[in-house]
Amino acid sequence: MLSLFTLAAIGLYLIASQWQMKQFATQQGGPRNRIQAFGFIAVIFQLIATLQIISGGFGLNLSFFVAGSMISIAVVVLLLLGSLRHKLDNLFMWVFPMAAITLALAYAFPGEGTKSSYSAGLLSHILLSIISYSLFTLAALQALLLSKQEHALKSHKTRGLLNTLPPLQVMENLLFDLITAGQVVLTLALITGYVYTDDLFAQHLAHKTLLSLSAWVVFTILLTGRAMFGWRSRTALRWTLSGFVLLMLGFFGSKAVLELILGA
């Protein structure tokens, strides 16, 4: 049976996302501050519910779906804080349902805790990894939204989506702000992982590290291309999504193979 915090979080997420969808479609959804308030309350409930799962069994539980819930929490928090300064409300339509689904999966398939003790350095690596994945998740969603906005402008569709978004230049600058922040945090995550992980091959982390480094290279090329050649539009979209896919495969792909397929 789902816990009260889990049910409350999922319910609030779905209500808030429904309001935002209505706001997007008809400009008559729930008030913006109410949607944000529901999001803040929901993410607090999700955090409580996820922490209960993490510490509720034997040892520290950072299994596949639980880690997914933690990442979705970070994504929601970053989006909500960002929405206080920028008009990012349309991302709620995708992020809130995603958070509800990851929480439900974490509760349904909690996995098991581990006997391994986590040092402060390793915990910092895990936290930095979660934050970097969250920033790049928002960047990928922002890139898709930016692409849709640009297509609407080229098609001379001046209603609907365009009326709900900031100017194209603002959206593009925000995208690269997210990528830059994510790259800085990812760099720190890779450094702490190298310092505090004893044996990458013995801990089945070699493929994760390789994919994460590949993603780091992709984002470095993108930021360099932006600075030197003014890359934007579809070029930025392709590089952003490529780096995001590599990063997600490095984290979720490796955990899925180890836990869901190999049972490690």
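Higher on the page you've got the structure.
Residues numbered from 1 in each chain as written. Predicted model: local features only at pLDDT ≥ 70, side-chain atom pairs only at ≥ 80, totals over all residues. Heavy atoms only, no water.

**Q** Please clarify how the overall build of the chain should be interpreted in this entry.
**A** Across its full length, the chain holds 8 helices and 0 strands. Mapped in sequence order, the helices and strands of the chain form the string α-α-α-α-α-α-α-α. Counting only residues that meet the buried cut, the chain has 45% of its 264 residues in that class. Sequence-distant contacts in the chain: of pairs separated by 6 or more residues, those separated by 24 or more amount to 78%. Counting only carbon and sulfur atoms, one obtains 69% of the accessible surface of the chain, whose full area is about 13300 Å². (Helix = DSSP H or I, 4+ residues; strand = E, 2+ residues; numbered from the N terminus. Buried < 20%, exposed > 50% of the residue type's maximum accessible area, 1.4 Å probe, protein only. Contact = heavy atoms within 4.5 Å. Areas by Shrake-Rupley, 256 points an atom, 1.4 Å probe, with all protein chains shown as cover.)

**Q** What is the right way to look at the packing of helix α5 (residues 120-154) against helix α6 (residues 168-196) in this model?
**A** The axes of two packed helices give the description: the angle between them and the distance between them. Here α5 crosses α6 at 160 degrees, and the two axes come no closer than 8 Å. Overall, the two elements α5 and α6 adopt an arrangement that is roughly antiparallel. In the packing of α5 onto α6, the handedness of the crossing is left-handed. When its residues are assigned to classes, the contact of α5 with α6 shows 23 nonpolar, 11 polar and 2 charged. (Axes fitted to C-alpha atoms, helices over the stretch in contact; angles between N-to-C directions. Parallel < 35°, antiparallel > 145°, perpendicular 65-115°, else oblique. Left-handed = near helix turned anticlockwise from the far one by under 90°. Nonpolar A, V, L, I, M, F, W, Y, C, P; charged D, E, K, R; others polar.)

**Q** Help me out: how do you make sense of helix α4 (residues 92-108) in this one?
**A** Helical periodicity: at 3.6 residues per turn, an α-helix aligns residues three or four positions apart in one direction. A rise of 1.5 Å per residue sets the reference length of α4, with its 17 residues, at 24 Å; its end C-alpha atoms lie 24 Å apart and thus fit the reference within 8%. Among the residues of α4, those classed as buried are Phe92, Met93, Val95, Phe96, Pro97, Ala99, Ala100, Thr102, Leu103 and Ala106. (Expected span 1.5 Å × (residues − 1).)

**Q** Is there a simple way to explain empty space enclosed by the protein in this structure?
**A** Think of a ball as big as a water molecule: rolled over the atoms, this probe shows where empty space is left. Per the stated rule, a full pass over the model turns up 1 cavity of 30 Å³ or more. Of the volumes computed, that of the largest cavity is approximately 40 Å³. Around the largest cavity sit Ala143, Leu146, Ser147, Glu150, Leu175, Ser233, Ala236 and Leu237, which together line it. Among the secondary structure elements, those contributing two or more residues to the lining of the largest cavity are α5 and α8 (233-261). Residue contributions to the lining of the largest cavity peak at 4 residues, all from α5. (1 Å grid on protein atoms, 1.4 Å probe; cavity = no way out; pocket = protein on both sides within 12 Å on 5 of 7 lines; lining within 4 Å. Points joined across faces, edges and corners; volume = space filled by probe spheres on them.)

**Q** Please clarify how the pattern of salt bridges should be interpreted in this entry.
**A** Side-chain pairing between opposite charges can occur once the charged atoms of the two side chains come close. Inspection of every chain in the model, using the stated rule, returns 3 salt bridges. Of the charged contacts, one joins Arg32 and Asp89 as a salt bridge, the two residues approaching to 2.6 Å between their closest N and O atoms. Taken as a pair, Arg32 in helix α2 (residues 32-56) and Asp89 in the loop between α3 (64-83) and α4 lie far apart in primary sequence, 57 residues in all. The class of Arg32 is partly exposed, set by a relative accessible area of 35%. When its relative accessible area of 7% is taken as the criterion, Asp89 is described as buried. Residues Arg232 and Glu172 are paired through a salt bridge, measuring 3.1 Å at the closest nitrogen-oxygen approach. You can see Arg232 sitting in the loop between α7 (206-229) and α8 and its partner Glu172 sitting in helix α6, a full 60 residues away along the chain. By relative accessible area, which is 3% here, Glu172 ends up buried. One salt-bridge network, held together by shared partners, links Glu172, Arg226 and Arg232. (Salt bridge = Lys/Arg side-chain N within 4 Å of Asp/Glu carboxyl O.)

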